[in-house]
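The residues making up each chain are set out below.
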Amino acid sequence: MREYILLGCLLAITSASAQAQVVEQTVLQPRDQTYFERDFGKEAAIAIRAINPLQCSVIFDQASANVNLLASRVEEVGVSLNCNTPFRLKATAANGALRHTELYQSGNARSYLPYSVAWPSMVSNGGEPVAANFSAAGAQWAGGLDFVSGTSVIDQHGEMRINWGSARELLAGNYRETFTIEMEPVD
C-alpha cells in the first residue's frame with residue numbers, strides 16, 4: 001500500500017501594527033457654591049485618558065498536519081479569531097493544490113491534487129459572518145482572499161476543513177500545501 005502524506009504548514013501571523021486605541025475626554029468641574037474673588041483660579045480642567053491596547057490574533061490548533069491521502073479525504077484544523085477592533089483577514093495558499101514535493105510538473109495531474117476549503121461559521125460582534133468567502137477552492141486561496149470587518153470579533157472558534165478528491169492515481173511521495181492567514185486592525 002502506498003502512503004501519501006500531506007504536509008501542511010498552517011501559519012498564524014499576527015499583526016498589531018496600529019497603535020493602541022486612545023480615548024481622551026476633558027471634563028470641567030464646576031463648584032456648587034457662589035464664586036468670590038478669592039476663588040478665581042481654583043477651577044480645574046481634568047483630562048481623563050484611557051488606553052486599551054489592540055489585541056488581534058489568529059491561532060491554529062496545530063501548526064502542521066500529516067495526512068494519509070488514501071485513507072482520508074478531509075483534514076480539520078481548528079482556528080480561533082480574536083480582535084478587539086475592526087479588522088482585516090488576508091488568506092493565501094502557496095500552491096492552490098496539494099503538490100508533490102519533488103516530482104511536481106505543471107499539467108501532470110498525477111503530481112498534484114486539487115482541494116477546497118470549508119471555512120468555519122463565525123460571526124463578528126456586529127453579527128456579520130466572518131470570512132465566509134474563504135470557503136473556496138485551492139486555486140482561489142492561491143490567488144489570495146480578503147475580508148474586512150466593520151466590527152471586532154471576540155473568541156470565535158471553528159474547524160477549517162480541507163477536502164480533496166480521490167488520491168489513487170497520484171505519484172507516490174509527499175505532497176505539501178502552505179496556508180497563511182494574516183489578521184490586522186483597520187483604521
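You'll find the structure just up there.
Just so you know, these numbers come straight off a predicted model, no measurement behind them.

Engineer: Outline the state of the cysteines, supporting the account with residue identities and numerical values.
Structural biologist: Under the criterion given, the structure shown has 1 disulfide. Disulfide pairing places Cys-56 opposite Cys-83 at an S-S distance of 1.9 Å. Residue Cys-56 is located in strand S4 (residues 56-60), and its partner Cys-83 is located in strand S6 (residues 74-83); the two are separated by 27 residues in the primary sequence.

Engineer: How would you summarise the pairing of strand S7 (residues 87-93) if you had to cite specific residues and measurements?
Structural biologist: Of the two faces of S7, the one lined by Phe-87, Leu-89, Ala-91 and Ala-93 is fully buried and the one lined by Arg-88, Lys-90 and Thr-92 carries no buried residue. Relative to strand S14 (residues 173-185), S7 is paired through 7 bridges, and the arrangement is antiparallel. The partner of Phe-87 across the bridge, within S14, is Pro-185. Where S7 lies against strand S12 (residues 145-148), 4 bridges are found, and the strand directions are antiparallel. Bridging from a neighbouring strand, Lys-90 pairs with Asp-146 of S12.

Engineer: How would you summarise the pattern of salt bridges if you had to cite specific residues and measurements?
Structural biologist: Taken as a whole and assessed by the stated rule, the structure comprises 3 salt bridges. As a salt-bridge pair, Arg-88 and Asp-146 come within 3.2 Å of each other at their nearest N and O atoms. Taken as a pair, Arg-88 in strand S7 and Asp-146 in strand S12 lie far apart in primary sequence, 58 residues in all. Lys-90 is paired through a salt bridge with Glu-184; the nearest N and O atoms lie 3.7 Å apart.

Engineer: How would you sum up the packing of aromatic side chains? Please name residues and give values.
Structural biologist: In total, this model carries 6 aromatic pairs according to the counting rule given. Geometrically, the ring pair formed by Phe-87 and Phe-147 is tilted, given 6.1 Å between the ring centres and 50° between the ring planes. With Phe-87 in strand S7 and Phe-147 in strand S12, this residue pair connects regions lying 60 residues apart in the sequence. In this pair, the class of Phe-87 matches that of Phe-147, namely buried. Centre to centre, the rings of Tyr-115 and Phe-179 are 5.6 Å apart; their planes meet at 75°, and the pair counts as edge-to-face. Highlighted residues: Tyr-115 in strand S10 (residues 115-118) and Phe-179 in strand S14, separated in sequence by 64 residues. For Phe-179, a relative accessible area of 3% translates into the label buried. Through pairs of rings, three or more aromatic residues link up here, namely Tyr-115, Trp-119, Phe-134, Trp-141 and Phe-179. Stacked on the ring of Tyr-104, the Lys or Arg Arg-99 has its end atom at 4.1 Å from the ring centre.

Each value, and the rule that gives it
- Residues numbered from 1 in each chain as written.
- Predicted model: local features only at pLDDT ≥ 70, side-chain atom pairs only at ≥ 80, totals over all residues.
- Heavy atoms only, no water.
- Disulfide = S-S within 2.5 Å.
- Helix = DSSP H or I, 4+ residues; strand = E, 2+ residues; numbered from the N terminus.
- Buried < 20%, exposed > 50% of the residue type's maximum accessible area, 1.4 Å probe, protein only.
- Pairing = 2+ DSSP bridges.
- Salt bridge = Lys/Arg side-chain N within 4 Å of Asp/Glu carboxyl O.
- Phe/Tyr/Trp six-rings, centres within 6.5 Å; stacked < 30°, edge-to-face > 60°.
- Lys NZ or Arg CZ within 6 Å of the ring centre and 35° of its normal.

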